[in-house]
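So you can see what is in the structure, the chains are spelled out below.
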Amino acid sequence: MAFTYAISGGDWARIAPELALLVAALLVMLVDALIPARLRGALVIIGVMGVLAALAGVIMLYASSGSPSAFGGMVTSDPLALFATLVILAATGLSLLLSPGYIERQGTRQQGEFYALVMLAATGMVLMAASTNLMMIFLGLELLSLPLYVLCAFAPGQQRAQESGMKYFLLSSFASGFLLYGMALIYGATGATNLGGINHFVATHAMSATAGFGPILLGGMALLAVGLAFKVSAIPFHAWTPDVYQGALTPVTALMSVGTKMAAFVALIRVFDVALAPVRADWQGIMWALAILTMVGGNILAATQTNVKRLLAYSSIAHAGYLLIGIALGTQAGIAALLYYMAAYAVMNVGAFGVVLALERVAGLGTNLDDYRGLASRRPALAAALAVFLFALAGIPGTAGFVAKYAIFAAAVTGGHAELTIIGVVASMIGFYYYLRVIWAMYFVPAPDMPAAEAANANPHLSLAGLNSAVVTKLAASGTPLAFSAGLALALALIGTLGLGIFPAPLISLARQAAGLP
Amino acid sequence: MLLSLNSFLVLGALLFCIGLFGALSKRNAISVLMGIEIMLNAVNITLVAFSSAFQHSAHGARLSGQVFAVFIITVAAAEAAVALATIIAIYRRKSSVDVTEINMMKW
Amino acid sequence: MAPFVPILIMMGLAFAFVVLVTIVTFILGPKKPTPQKNAPYECGISEITPPQRRFPIKYLVTGMLFIIFDIEAASLVPMAVLMKRLGVTGLIELVTFIAILLVAFLYVWRKGAFTWE
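Residues numbered from 1 in each chain as written. Chains lettered and ligands numbered in written order. Predicted model: local features only at pLDDT ≥ 70, side-chain atom pairs only at ≥ 80, totals over all residues.

1. Some thoughts on the overall build of chain B
No. 1: When helices and strands are counted, chain B shows three helices and zero strands.
No. 2: Along chain B, helices (α) and strands (β) appear in the sequence α-α-α when read from the amino end.
No. 3: Compactness check: chain B gives a C-alpha radius of gyration of 18 Å against a globular reference of 13 Å for 107 residues, more than 25% above the reference.
No. 4: With the principal axes as the frame, chain B shows a C-alpha extent of 55 × 25 × 25 Å.
No. 5: Looking at chain B residue by residue over its 107 residues, the buried ones come to 38%.
No. 6: Considering only contacts in chain B between residues 6 or more positions apart, those separated by 24 or more positions represent 49%. (Helix = DSSP H or I, 4+ residues; strand = E, 2+ residues; numbered from the N terminus. Rg over C-alpha atoms; globule rule 2.2 N^0.38 Å. Buried ≥ 20, exposed ≤ 12 C-beta atoms within 10 Å, placed from the backbone. Contact = placed C-beta atoms within 7 Å.)

2. Let's talk about the overall build of chain C
No. 1: Scanning chain C for helices and strands turns up four helices and zero strands.
No. 2: Going from N to C terminus, chain C has its helices and strands arranged as α-α-α-α.

3. Digging into the environment of Ala24 of chain A
All names here are of chain A.
No. 1: Of note, Ala24 is situated in helix H2 (residues 16-34).
No. 2: Between the alpha carbons of Ala24 and Thr85 there is a distance of 16 Å; along the sequence they are 61 residues apart.
No. 3: The residues contacting Ala24, other than those within four sequence positions of it, are Ile46, Gly47, Met49, Gly50 and Met119.

4. Looking at the interface of chain B and chain C
No. 1: At the junction of the two partners, chain B supplies 12 residues and chain C supplies 10 residues.
No. 2: Of the residues assigned to the side of chain B that touches chain C, the class counts are 11 nonpolar, one polar and no charged. (Nonpolar A, V, L, I, M, F, W, Y, C, P; charged D, E, K, R; others polar.)

5. Re the interface of chain A and chain B
No. 1: Between chain A and chain B, the residue contacts involve 31 residues of the former and 35 residues of the latter.
No. 2: Elements supplying a minimum of two residues to the side of chain A that touches chain B: helix H7 (134-152), helix H8 (159-190) and helix H11 (240-247) of chain A.
No. 3: At 17 residues, H8 of chain A tops the list of elements feeding residues into the side of chain A that touches chain B.
No. 4: In terms of residue class, the side of chain A that touches chain B is built from 16 nonpolar, 10 polar and five charged.

6. Some details on the packing of H11 of chain A against helix H14 (residues 308-329) of chain A
Working note: a packed helix pair is described by the angle between its axes plus the distance between those axes.
All names here are of chain A.
No. 1: Contact geometry of H11 with H14 gives a least axis separation of 8 Å together with a crossing angle of 140°. As judged from the angle between their axes, H11 and H14 are oblique. The handedness of the crossing between H11 and H14 comes out as right-handed. Residues Thr241, Pro242, Tyr245 and Gln246 of H11 form the contact with H14, whose participating residues are Lys309, Arg310, Ala313, Tyr314, Ser316 and Ile317.
No. 2: Split into classes, the residues belonging to the contact of H11 with H14 amount to five nonpolar, three polar and two charged. (Axes fitted to C-alpha atoms, helices over the stretch in contact; angles between N-to-C directions. Parallel < 35°, antiparallel > 145°, perpendicular 65-115°, else oblique. Left-handed = near helix turned anticlockwise from the far one by under 90°.)

7. Topic: the confidence of the model for chain C
Residue and element names in this part refer to chain C.
No. 1: The pLDDT averaged across chain C works out to 79; a share of 77% of its residues lies at or above 70.
No. 2: Within chain C, helix H1 (residues 5-28) carries the highest mean pLDDT (91), whereas helix H2 (residues 35-38) carries the lowest (67).
No. 3: Across the interface, the model reports ipTM at 0.94; the global pTM reads 0.87. (pLDDT = per-residue confidence, 0-100.)

8. Some points on unusual backbone geometry
All names here are of chain A.
No. 1: Residue Pro236 follows Ile235 across a cis peptide bond; omega there is 10°.
No. 2: With respect to the secondary-structure elements, Pro236 resides in the loop between helix H10 (214-231) and H11.
No. 3: Located in the positive-phi region is Phe71, a residue other than glycine, with phi close to 55°.
No. 4: In this structure, Phe71 sits in the loop between strand E1 (69-70) and strand E2 (75-76).
No. 5: Positive phi outside glycine occurs at Ser233, with the angle close to 50°.
No. 6: Counting through the fold element by element, Ser233 comes out in the loop between H10 and H11.

9. Focus on the environment of Ala189 of chain A
Residue and element names in this part refer to chain A.
No. 1: Tracing the backbone shows Ala189 in helix H8.
No. 2: Distance from Ala189 to Gly220, taken between C-alpha atoms, is 8.4 Å for residues 31 residues apart in sequence.
No. 3: For Ala189, the residues in contact, after removing those within four places along its chain, are Phe213, Ile216, Leu217 and Gly220.

10. Looking at the confidence of the model for chain B
No. 1: Chain-level pLDDT for chain B is 86 on average; 93% of the residues reach the 70-or-more range.
No. 2: The least confident element of chain B, judged by mean pLDDT, is helix H3 (residues 59-94) of chain B at 86; the most confident is helix H2 (residues 29-53) of chain B at 93.

11. Topic: helix H17 (residues 380-394) of chain A
Residue and element names in this part refer to chain A.
No. 1: Here H17 contains 15 residues, and its C-alpha end-to-end distance of 21 Å stays within 8% of the 21 Å for a straight helix at 1.5 Å per residue.
No. 2: In terms of residue burial, H17 counts as a mostly covered element, since 12 of its 15 residues are buried.
No. 3: When we look at burial in H17, the residues that qualify are Leu382, Ala383, Ala385, Leu386, Ala387, Val388, Phe389, Leu390, Phe391, Ala392, Leu393 and Ala394.
No. 4: The positive-phi residue at the C-terminal boundary of H17 is Gly395, with phi of around 95°. (Expected span 1.5 Å × (residues − 1).)

12. Observations concerning helix H12 (residues 250-275) of chain A
Residues and elements named next belong to chain A.
No. 1: Relative to the 38 Å expected for 26 residues at 1.5 Å per residue, H12 spans 36 Å between its end C-alpha atoms, a close match to the ideal helical length.
No. 2: At Met256, H12 is bent by approximately 25°, the largest bend along its length.
No. 3: Taking burial as the measure, the 26 residues of H12 include 25 buried ones, the bulk of the element. (Bend = angle between axes of the 7 residues up to and from the residue.)

13. Notes on the environment of Asn194 of chain A
Residues and elements named next belong to chain A.
No. 1: Here Asn194 is to be found in the loop between H8 and helix H9 (195-204).
No. 2: Asn194 sits in the buried class, given 22 other C-beta atoms within 10 Å.
No. 3: Note: C-alpha distance between Asn194 and Val75 (119 residues apart in sequence) is 9.7 Å.
No. 4: Those residues within four positions of Asn194 in sequence are excluded, and the remaining contacts are Gly73, Thr132 and Asn133.

If you want it as structure tokens, here you go:
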């Protein structure tokens, strides 16, 4: 067979968002190497401009016609990829805006590195969502994971952060091993790594579970499912999530809770719901069980938490469970609901982490539920914002979370899996309990009467953390003023949460288009 | 064909299990890392074995496995570098690389 | 199986060599232990920290950077094999790849990672 190589400028235009993010990351690194240290905080501007340029690229690609596939079927810019890119860009942009002020407060002096790594992780997420080849899915996954390993361990001298980075690395690369072995077996069974080829092979060959390529394909599917379930933190592969989310810097947690999930869910859609659709009967049970375990388990475990950051980590596991319903259904309506859910989750979850970040002091202090007591009287605006985000996460009508939950549960009923809806609704009831517990603490429990300075001195964690008196004094001033950019990010997230709840139609039609529905 | 495809697949599977066992049973972070690297290399063997078995198929089917293996080698090196840096950062602080001692956060 | 017999013989020889050398040095090496020789140096206070303590290596960063930049060469091999057929587009892609690496190189250089103590 003759070797043909036909890559043109058109192919490069198809990955415009990835290119914009990558160029922004490289620019951050170059400029960081040249400017004096005190100006490094301003590098966030380059990052935000990169996100905006990528957004322009997405709009350009939405408007363009012609085959979305590029680089010989390696990547695509179909509506699914573009929708996922939008969600990832929203999460990246908001996380970038939340960072200035906060990362300096945590003792970071290498802001350039931080922003460059965030941009590289975003590039990986977008690339993974655009991949139509197992190889590219793996490369995208690693391009998003490697910067996140570093970002998790980023806070200098904070043991929790290092522990978070270490755990994330060990468990995530462990999962990568399973994922890769699954990919290798699928390649061996079907003779293809591009998803179109896999789909063609599976559709044209009858599979037997005991003979021929059957056992290899089944093994590959199982291992791939395990690997991706790790990445979306589905129970029972969730053990890393709370520790990593709690220990990492909060903007990083916000980014990875949304961006990684979005990218991994698109990979799940492309591999299972599209490429392996002909053998749905063989994998649907796994996804069904994962969805139920994750919904119920995530909500029950979250209900016992006393640290708000950790609570949000478990809540993110629970939400992965609702999202898995969309995968388990395997219908286009399910995929459309999943995508809308993910977009809603992006704004409300980043918003919730944004408020946590605004209240957090150095070394993870100030994130316990007790620290939120009486917040409504101390910081009324922040308390109100957090209340809105938590109501949205719980799924109260009028917020994006309600529309999202309604869409996914409705899709489950029409898809013939009413039992998933029933279990999902019951699990959400447990969810109400712990979200409302935070709101209760903020509004109806009086603040501790100890003056802030005494409270800080009496706190046994301080001596453990080995902080000097200057830091304690800083801690005593419990209200760090909100940075302008963080305020902007919270306002945007608030608008998104309420806007998507009250006017969901445009985004729903976009999600339906991405799922291939009219 | 000197050895059948199955021999290489069994070798890959055994190596994967050895790596898995190492990653799960070792307490030293470096040993865990080595276990993970062995798992990745087991995948490489499997990929190249399949690629060799597809030698009479179309171009794409044959080369995909080999290219995939090259990518895995590259990524594994980058992972190792990041991991070593993290392990050193933890060692400087705790004078230990025992993964069972990395336990500030629980439940 | 026949073509692998030389490899098996080679492995056997390598193993036998290691065992042989270990045994021979153990037998031939002079051993005159005295209590003084076995005791800790001079004063006899047992060690406070384990004697085989690891010490920081100065070239750690250099080593890690070497791993990364070195292994990128593996990505270049397939491209080099096909360079003629890839043509100008392939060359541009190769240059882009190197340019990205160069940015990383400039960054670590400016950050002083190559400064030798």
